[in-house]
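# Structural overview for review
The lines below spell out each chain.
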Amino acid sequence: MYEMFKEYDLIVVGGGHAGSEAAAAAANMGAKTLLITMDRHKVAQMSCNPAMGGIAKGQIVREIDALGGLAGIITDKSMIQFRMLNKSKGPAMWSPRAQSDRDLFTKEWLEALENIPNLDFWEDNVIGLLIENTKVVGVKTIMDIEIKAKTVILTNGTFLNGIIHIGEKHFGGGRIGEKASIGLTEELISLGFTSDRMKTGTPVRVDGRTINFSQLIEQKGDENPRTFSYTDTPPLKTQRSCYLTYTSDEVHNILRTGFDKSPMFVGRIKGIGPRYCPSIEDKIERFSDKNKHQLFIEPEGWNTNEIYVNGFSSSLPEDVQLKALRKIKGFEKAKIFRPGYAIEYDFFPPTQLQYNLETKRIENLFFAGQINGTTGYEEAGAQGLMAGINAVLKLRNEKPFILKRSEAYIGVLIDDLITKGTDEPYRMFTSRAEYRTLLRQDNADIRLTEKSFKIGLADKKRLEKVQYKIKEINRITKYIANYSINPSVLDQYLNKVNSPSLKQKVKLNSILLRPQVQLEDLIEYIPDLKSEIDKINCCKQEIIEEVGIMAKYENYINKEQDLANKISKYEEVYLKQDIDYMSISAISYEAREKLLKIKPTSIGQASRISGVSPSDISVLLIYIGKL
Ligand SMILES: Cc1cc2nc3c(=O)[nH]c(=O)nc-3n(C[C@H](O)[C@H](O)[C@H](O)COP(=O)(O)OP(=O)(O)OC[C@H]3O[C@@H](n4cnc5c(N)ncnc54)[C@H](O)[C@@H]3O)c2cc1C
């Protein structure tokens, strides 16, 4: 039996979104990897909303895919509806979102993981770590098994000392119907880590056969659905609709009858919840002037009647939830499969981590996902992928793989977490990224695939595809910059899109500066351009889109890139880890304390620590002899 567990390069604890990406990346990079999770059939389970992507999160999924992670491919294989959000805004804001088949998502993940040769599985509950000096060397499980490994990644999600709340009832659990993880928090605290509590919640699941959909507003998927992955996953041919509806004063009044039993309002839940994903009772309380709140009614899959009521998350008593639900238009006869609930769990403030997601305290121990205080499958998956990659690089004695804030949302995510920490569940927004014009969903492969290929994750096929794409983008960009168009050729088109007609010959790229004019449309009217486009033999739509975006937004993009380049010089002014900050009396006391706690690796990182002022940075630059 124990023969099976000869020493691994890496053990990943927990097969959620973070753990699955971590295990896949590490094993695909050649590390002998063991994924220990409580139930293999629940890998990458969508604990809450059956959806991937959305604003800023869609960009993260594209980045995961561009780096050779699996979330994009699996999302494509299991989606039931696709929408590109924010299409009316500039391309920096476009965000792909998929409604997923919850069960199929997990099934596809399991199949993908089981097809990775270097990856073993063990179903068990990890309760402790094996530590030698200040290094992790393995884990112990509830079955009293010790398994050795050179590196360990913890991705326990919402399971650490998880407590589920429904009204006045509360019981242990990591998710409804699943056991909590007990022991690890206590062990980590004994090793000197600090932990805290957070909470999150989920809505009722409704039997779709009992909903009157004719009373709801239908929301169809995009006419031309796209995909998340840069590989050749096919787009959807048919889609399932989602629906919209609203709560009302009557619904709110019923919900209020349960407030005295609300675990949040009476103070039984101490953890802080996600600000941007509040429960319905929170919304009623916080926005008491609003007499209705929007709800998204989302199917849970292709072949199920289960319906997810997005926006109706609650931990009120189950009878109050049902009564209130039945006052919503279309839900008068609703039966539910299970009530909504809240869950409180431990997390570890992420300022205890280095850029590679390895803990500062224990060598070769990495944390990824919700354990770091984030919320969301995409944020978790991204961290898992980076932890998996970095664990392997550590084993190889190679430089860590760190993405800059100007290179990826994933870079923003990790820099925010380890530099600023978080005291509420952290989710990604486009507003968190100062270089969002650079970090678009359309160019994640151009930004990241080659980097991933160099460290041995993204395969040659991906690299060749992106190289071809770049070559063709450059070719068409050059062509439209040099091609002069006769005014009369575009009269009909410009008239159709309400744009003034041309008075003289102009270069094609200059007409694209007009907001109404799209490259895709011009192809129809200019045969020469069409024959150039026809020479493209792969990813045509993506190439046309990219050329169009670059032509329209070149100035903004260049300005942002210049700024990123200027600022990046501070990212390369490195700080030694043994600087005695407390001895630099010209730095404010608060800044000294923060610098000592975070131990930034560069002046750039130091400047982003809250409490460290520009004058503290000047002193620091003088101290290290750079000013
Ligand atoms: C009720 C609920 C509501 C949520 N609501 C939202 C929301 O509204 N919006 C949002 O963005 N996110 C929400 N989330 C969070 C979202 O589910 C997580 O962000 C995401 O799943 C985190 O991924 P993860 O991989 O870190 O952990 P998880 O997906 O939680 O996976 C953890 C995995 O580790 C395994 N595991 C844990 N401990 C051990 C152990 N000791 N030994 C072996 N295996 C272990 C578990 O079995 C599980 O498979 C919600 C989660 C829950 C539970």
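Further up the page is the structure itself.
Here's what I pulled together on the structure shown here. (Residues numbered from 1 in each chain as written. Predicted model: local features only at pLDDT ≥ 70, side-chain atom pairs only at ≥ 80, totals over all residues. Heavy atoms only, no water.)

### Notes on the overall build of the chain
Convention followed: The way it works is that DSSP assigns letters per residue, a run of H or I at least four long becomes a helix, a run of E at least two long becomes a strand, and they are numbered from the N terminus. Each radius of gyration reported is based on C-alpha atoms, and the globular scaling rule is 2.2 Å times the count of residues to the power 0.38. Only heavy atoms enter the contact rule, under which two residues are in contact if any of them lie within 4.5 Å.
When helices and strands are counted, the chain shows 20 helices and 22 strands. Taken over C-alpha atoms, the radius of gyration comes to 26 Å for the chain, in line with the 25 Å a tight globule of 627 residues would show. Taken along its principal axes, the extent of the C-alpha atoms in the chain is 80 × 70 × 55 Å. Residue pairs in contact within the chain that sit at least 24 positions apart in sequence constitute 72% of those at least 6 positions apart.

### Re the packing of helix 9 (residues 377–395) against helix 10 (residues 409–420)
For clarity, the cut-off: Axis definition: a line fitted to C-alpha atoms, over the contacting stretch in the case of helices. Angles run 0 to 180 degrees between N-to-C directions. Throughout this description, any angle smaller than 35 degrees is read as roughly parallel, any larger than 145 degrees as roughly antiparallel, any in the 65 to 115 degree range as roughly perpendicular, and the remainder as oblique. Only Asp, Glu, Lys and Arg are considered charged, only Ala, Val, Leu, Ile, Met, Phe, Trp, Tyr, Cys and Pro nonpolar, and every remaining residue, Gly among them, polar.
At a minimum axis distance of 10 Å, the contact between helix 9 and helix 10 shows a crossing angle of 85 degrees. Between helix 9 and helix 10, the crossing angle belongs to the class labelled roughly perpendicular. Along its contact with helix 9, which presents Glu379, Ala382, Gln383 and Met386, the element helix 10 presents Ile410, Leu413, Ile414 and Leu417. Of the residues contributing to the contact of helix 9 with helix 10, the split by class is six nonpolar, one polar and one charged.

### Regarding the sheet that holds strand 19 (residues 341–347)
Defined as follows: Following DSSP output, two strands are said to pair if at least two bridges run between them.
The sheet built from four strands is open, its strands ordered 11-10-19-12 with antiparallel pairing. Since the sheet does not close on itself, it has two edges, and those belong to strand 11 (169–172) and strand 12 (196–202), each with one partner. Between one strand and the next, the sheet's axes are offset by a mean angle of 25 degrees, whatever the strand orientation. Summarising the sheet, strand 10 (residues 163–166) and strand 19 pair through three bridges and their orientation is antiparallel. Along strand 19, the bridge assignment pairs Ile164 with Ile343.

### Side note on the site of the ligand
Put simply, the rule is: Near is defined per residue: the residue qualifies when any heavy atom it owns lies within 4 Å of the molecule or strand. Here a polar contact is recorded for every N or O atom pair within 3.5 Å, except that within protein the pair must consist of a potential hydrogen donor and a potential acceptor, and residues adjacent in sequence are included only if both atoms are side-chain atoms. Reported accessibility uses the Shrake-Rupley method at a 1.4 Å probe radius. Residues are deemed covered only where the shown protein chains occlude them.
The ligand sits among 35 residues. The nearest are Ala18, Val126, Ser181, Gln370 and Gly376. One nitrogen or oxygen atom from the side chain of Ser47 is found 3.2 Å from an oxygen atom belonging to the ligand. The fraction of the free accessible surface of the ligand (980 Å²) that becomes covered by protein chains is 96%. The element that contributes the greatest number of residues to the shell around the ligand is strand 12, accounting for three residues. Taken together, the residues that form the shell around the ligand break down as 13 nonpolar, 19 polar and three charged.

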